[in-house]
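Spelled out, the chains give:
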Amino acid sequence: RKEVEQDPGPFNVPEGATVAFNCTYSNSASQSFFWYRQDCRKEPKLLMSVYSSGNEDGRFTAQLNRASQYISLLIRDSKLSDSATYLCVVGRGSSNTGKLIFGQGTTLQVKP
Amino acid sequence: ETGVTQTPRHLVMGMTNKKSLKCEQHLGHNAMYWYKQSAKKPLELMFVYSLEERVENNSVPSRFSPECPNSSHLFLHLHTLQPEDSALYLCASSQETGQGFDNEKLFFGSGTQLSVL
């Protein structure tokens, strides 16, 4: 089983749609969770951290389910500019530096 | 000025060449990383330097040799690479406080797209 698993997609949605991505992780000791966004041929950029209580940033909502070991990202009112690959990132749960594990990414295409 | 700058952006090299990738961070961070991103694969951590000490080396072949002369600069020296080493190489930095959650945010450079012929 992969440490961090995502559906690669692509998810093709029309503008204005609501879309949700899930990500599962295998290490129950993981304590930190993030969503990164990566545009084609560009570097990943932090989109948002994921907190235990869930958190929202504008049209984006992230949630964590520790019991089932998955995190989700919900995008409301999709824009063309949301088209990108969304990377699920999970901490290993150790105290060492460099302890983030990246998922393969889920590709989103928003169509006019 | 971006926080993490990488050069070159693109590199084509033969299997017998020696080249170096350079990374510089302007964020005052204390940890720097090299990642490899191959097509349709997750980012793979190659090397980590924390306070200029190498703290992780993920079984990377010896044809990749990192160097961290100070907390702001990181190099990846390449020699006798193989075609399967063709990938996007990303440098990143972070501020590690040892307190775990939310202190692990990575800031990436724009990457070097490497092609080995």
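What comes next is a walk through the structure. Everything numeric here is computed off the predicted structure, so don't read it as measured data.

In this section: the overall build of chain A. Per the secondary structure count, chain A includes zero helices and eleven strands. Its helices and strands in sequence order give chain A the pattern β-β-β-β-β-β-β-β-β-β-β, from N to C terminus. For 112 residues, the compact-globule estimate of 2.2 N^0.38 gives 13 Å, and the C-alpha radius of gyration of chain A, at 14 Å, lies within 12% of that figure. If you line up chain A on its principal axes, its C-alpha atoms span 45 × 30 × 25 Å. Per-residue burial for chain A yields a buried fraction of 47% across its 112 residues. Put simply, of all contacts in chain A between residues at least 6 apart along the chain, 58% involve residues at least 24 apart. With an accessible surface of roughly 5,400 Å², chain A has 46% of that area assigned to carbon and sulfur atoms. The average position of the 13 basic charges and that of the 10 acidic charges among the side chains of chain A differ by 4 Å.

Within the largest apolar cluster, 24 residues are counted, with the highest numbers of intra-cluster contacts made by Phe21, Trp35, Ile71, Leu73, Ile75, Tyr86 and Leu108 of chain A. If you list the elements that add at least two residues to this core, you get strand E3 (19–25), strand E4 (33–38), strand E7 (60–65), strand E8 (70–75), strand E9 (84–91) and strand E11 (106–111) of chain A. Ignoring anything within four residues of it in the chain, the contact list for Ile75 of chain A reads Ala17, Thr18, Val19, Phe21, Arg59, Phe60, Asp82, Tyr86 and Leu108 of chain A. Grouped together as the second largest cluster of nonpolar side chains are 22 residues, Leu21, Phe64, Leu74 and Cys91 of chain B included.

Once rolled over the atoms, a probe with the size of a water molecule shows which space is left empty. In this structure, the largest pocket encloses a volume near 740 Å³. Lining the largest pocket are 23 residues, and of these Gln38 of chain A together with Gln37, Ser38, Ala39 and Lys40 of chain B lie nearest its centre. Looking at the lining of the largest pocket, the elements that each hand over two or more residues are E9 of chain A together with strand E9 (87–94) of chain B. Taken together, the residues of the lining of the largest pocket sort by class into six nonpolar, eleven polar and six charged.

Each partner contributes residues to the interface: chain B has 24 residues there, and chain A has 23 residues. Summed over both sides, the interface between chain B and chain A buries roughly 1,900 Å², with carbon and sulfur atoms accounting for 57% of that surface. Applying the counting rule to chain B against chain A returns zero salt bridges. On inspection of chain B and its partner chain A, the count reaches three residue pairs in polar contact (both at pLDDT 80 or more). Counting residues per element, the ones that place at least two in the side of chain B that touches chain A are strand E4 (31–37), strand E5 (44–50), strand E6 (53–57) and E9 of chain B. With four residues, E4 of chain B is the single largest residue contributor to the side of chain B that touches chain A. Split into classes, the residues belonging to the side of chain B that touches chain A amount to 13 nonpolar, five polar and six charged.

Moving on: the side chain of Ser38 of chain B. Take Ser38 of chain B: it is sitting in the loop between E4 and E5. Contact partners of Ser38 of chain B, with chain neighbours within four places excluded, come to Glu44 and Ala87 of chain B.

Time to look at the sheet that holds strand E1 (residues 4–6) of chain A. Residue and element names in this part refer to chain A. Spatial strand order, E1-E3-E8-E7-E6: five strands in an open sheet with antiparallel pairing. For this open sheet the edge positions go to E1 and strand E6 (55–57), each flanked by a neighbour on one side alone. Each adjacent strand pair in this sheet contributes to an overall mean axis angle of 20°, direction not counted. Of the pairings in the sheet, the one linking E1 to E3 comprises three bridges and is antiparallel in character. Across the sheet, Gln6 pairs through a bridge with Cys23, a residue of E3.

Right, let's talk about the pairing of strand E7 (residues 64–70) of chain B for a bit. Every other side chain in a regular strand lies on the same face of the sheet, so the side chains alternate between the two faces. Bridge analysis of E7 of chain B against strand E8 (residues 73–79) of chain B gives five bridges, and the strand direction is antiparallel. Bridged to Asn70 of chain B within E8 of chain B is His73 of chain B.

You can see Ser50 of chain B is positioned in strand E5. Considering only alpha carbons, one finds Ser50 of chain B and Gln95 of chain B, 45 residues apart in sequence, at a separation of 9.2 Å.

Turning our eyes to something else, we now look at empty space enclosed by the protein. Residue and element names in this part refer to chain A. Per the counting criterion, the structure on display carries one cavity of 30 Å³ or more. Lining the largest cavity are Glu3, Val4, Asn27, Ser30, Val90, Gly91, Arg92 and Ile101. Counted by class, the lining of the largest cavity contains three nonpolar, three polar and two charged residues.

Criteria and thresholds
Residues numbered from 1 in each chain as written. Chains lettered and ligands numbered in written order. Predicted model: local features only at pLDDT ≥ 70, side-chain atom pairs only at ≥ 80, totals over all residues. Heavy atoms only, no water. Helix = DSSP H or I, 4+ residues; strand = E, 2+ residues; numbered from the N terminus. Rg over C-alpha atoms; globule rule 2.2 N^0.38 Å. Buried < 20%, exposed > 50% of the residue type's maximum accessible area, 1.4 Å probe, protein only. Contact = heavy atoms within 4.5 Å. Areas by Shrake-Rupley, 256 points an atom, 1.4 Å probe, with all protein chains shown as cover. Lys, Arg positive; Asp, Glu negative; His and termini not counted. Charge placed at Lys NZ, Arg CZ, Asp CG, Glu CD. Core = buried A, V, L, I, M, F, W, Y, C linked by side-chain atoms within 4.5 Å. 1 Å grid on protein atoms, 1.4 Å probe; cavity = no way out; pocket = protein on both sides within 12 Å on 5 of 7 lines; lining within 4 Å. Points joined across faces, edges and corners; volume = space filled by probe spheres on them. Nonpolar A, V, L, I, M, F, W, Y, C, P; charged D, E, K, R; others polar. Buried area = accessible area lost by both parts, 1.4 Å probe. Salt bridge = Lys/Arg side-chain N within 4 Å of Asp/Glu carboxyl O. Polar contact = N/O pair within 3.5 Å; in protein donor to acceptor, adjacent residues only side chain to side chain. Pairing = 2+ DSSP bridges. Axes fitted to C-alpha atoms, helices over the stretch in contact; angles between N-to-C directions.

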